[in-house]
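# Coordinates in review
As a plain string of letters, each chain reads:
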Amino acid sequence: MNGSTFVEMPVTPKRGGQIFGFDSCGIVRPRHHHDELEFNLGTQGVARFAVGSRSIYVYPGTLLWFLPGQDHLLEAASPDFQMWIAAFKPWFVEAQQRAAGPGALPTVADQVREVDSDACHELSDMCRTAFAGPYEAERDELLLRLLSLALSAGRTSQSQRASVHVAIQKSLRHLILDPSLGREELARRAGLGPEALSRKFSHELGISLPEYRNRLRLGRFLRALDEGQTNLLGAALDAGFGSYSQCHRILREQTGDSPSAFASLEVRRAAMRRSIPLGERIRLI
């Protein structure tokens, strides 16, 4: 989606995730995407999100998931709107998946869920506790319980369910696991012709297949730097880029900086800080 900005979530690399509280008095980011799996849990009021080419409403008890690389924007909210935001690092989600088994991650078709009042209160209490502390290992244990509960909570919102072709859902799962997959191989695994896959991907997600792949590659590249990788060529190839020059071009397009600049922790943190205050105060509905 044109205008979507890559954002580094303010999560310490060694920590599994972070929790934020949000209300309508806050400053919102522009349309953006990031490497983390995120959920928003509405607790009061109503808000409207633009997610790809869709408009999604969040009410109390709405659990809205954002997949890695999926662009989104909080467009408007009622004066009393409040929600919890939880973002989880990819390595943390992968660890949870190994423990819980496959099939638990949300898809585009079921990313909007409805939870009952008891589940909403339980999730809210866990978010509140994680937001206030504890820290380090104890925090990750709490975040792991929160992620597990959120993944298993609720039922798909039929009123906001996206009608997504099964081949697109398959291709998304394969891409998130391996963004180096080419279109032909991805189409073969998804059971659709390459041209048809490209058309349906753009139509149903509001973003082209190459652009989505680049977002996932970029996230992996920056994650490798956060984890201590110093060989930029190796990090680029491991992230799924075909060459260092391709990585250089995509990173500069998305962030304005080069890979060598991002090798500096100070540059990465400065870029993260720049991403947080951008935007305008939320429009009230």
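Further up the page is the structure itself.
The present account deals with the structure reproduced in this document. (Residues numbered from 1 in each chain as written. Predicted model: local features only at pLDDT ≥ 70, side-chain atom pairs only at ≥ 80, totals over all residues. Heavy atoms only, no water.)

This part is about helix α5 (residues 183-190). Turning to α5, its buried residues number three or more, namely L186, A187 and A190. Down the axis of α5, the sector holding all buried residues measures 100°, keeping them to one side. Away from its buried face, by an angle of more than 90 degrees, α5 presents the exposed residues E184 and R188. One or two steps after α5, the chain reaches G191, where phi turns positive at roughly 80°. (Buried < 20%, exposed > 50% of the residue type's maximum accessible area, 1.4 Å probe, protein only. Helix = DSSP H or I, 4+ residues; strand = E, 2+ residues; numbered from the N terminus. Arc of directions from axis to C-beta.)

For the structure shown, the criterion picks out 2 cavities of 30 Å³ or more. The calculated volume of the largest cavity comes to roughly 120 Å³. Taken together, 15 residues line the largest cavity, and the ones lying closest to its centre are G52, Q70, V108, L205 and I207. For the lining of the largest cavity, the secondary-structure elements that each account for two or more residues are α6 (194-205) and α7 (209-226). (1 Å grid on protein atoms, 1.4 Å probe; cavity = no way out; pocket = protein on both sides within 12 Å on 5 of 7 lines; lining within 4 Å. Points joined across faces, edges and corners; volume = space filled by probe spheres on them.)

With antiparallel pairing, the 6 strands of this open sheet are ordered in space as β2-β9-β4-β7-β10-β11. Two strands lie at the open edges of the sheet, namely β2 (17-23) and β11 (155-156), each paired on one side alone. As paired elements, strand β4 (residues 37-44) and strand β9 (residues 82-88) share 7 bridges and run antiparallel to each other. What sits directly across from N40, in β9, is I85. On top of the sheet, helix α2 (residues 117-132) reaches β2, β4 and β9; it is set at about 115° to β4, its chief contact. (Pairing = 2+ DSSP bridges. Contact = heavy atoms within 4.5 Å. Axes fitted to C-alpha atoms, helices over the stretch in contact; angles between N-to-C directions.)

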